[in-house]
Amino acid sequence: MFQDSPIYDRLIAERGDVPAQVRREAERVSRELELVMRPSQSLGDDRPQTPGAGWQRAGMLPGPRPQ
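Residues numbered from 1 in each chain as written. Predicted model: local features only at pLDDT ≥ 70, side-chain atom pairs only at ≥ 80, totals over all residues. Heavy atoms only, no water.

S.K.: Just checking my understanding: could you explain the pattern of salt bridges for this structure?
M.R.: When the charged atoms of two side chains lie near each other, side chains of opposite charge can form a pair. The tally for this structure, following the rule as stated, stands at three salt bridges. For the salt bridge of Arg28 with Glu25, the shortest nitrogen-to-oxygen distance reads 2.3 Å. Of this pair, Arg28 and Glu25 both sit in helix H2 (residues 18-37), three residues apart, roughly one helical turn. Residue Arg28 is classed as partly exposed on the basis of its relative accessible area, which comes to 31%. Overlapping salt bridges bring together Glu25, Arg28 and Glu32 as one network. (Salt bridge = Lys/Arg side-chain N within 4 Å of Asp/Glu carboxyl O. Helix = DSSP H or I, 4+ residues; strand = E, 2+ residues; numbered from the N terminus. Buried < 20%, exposed > 50% of the residue type's maximum accessible area, 1.4 Å probe, protein only.)

Written out as structure tokens, the structure is:
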């Protein structure tokens, strides 16, 4: 991408190849998310999958609480 670019080469030498590091980290996170987001059937769970059967946030909305 930045061939024959002494400024970019100097930045790489001083700071490391930050774009490549970010790309690798993003790919690692993406792989981890794929594993986590797989349906539980792939883990040997025989229960049928229904929409909305995964994690759900159960909390109260902000504001006054009913008595």
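Next, the rest of the story.
S.K.: Sorry if this is basic, but what is going on with a nonpolar patch on the surface here?
M.R.: There is a patch of nonpolar side chains on the surface, built from Val29, Leu33, Leu35, Val36 and Met37 and spanning about 510 Å² of accessible area. Within the element layout of this structure, Val29 appears in helix H2. (Patch = residues over 30% accessible without salt bridge, like charges linked within 9 Å, V, L, I, M, F, W, Y side chains within 5 Å. Areas by Shrake-Rupley, 256 points an atom, 1.4 Å probe, with all protein chains shown as cover.)

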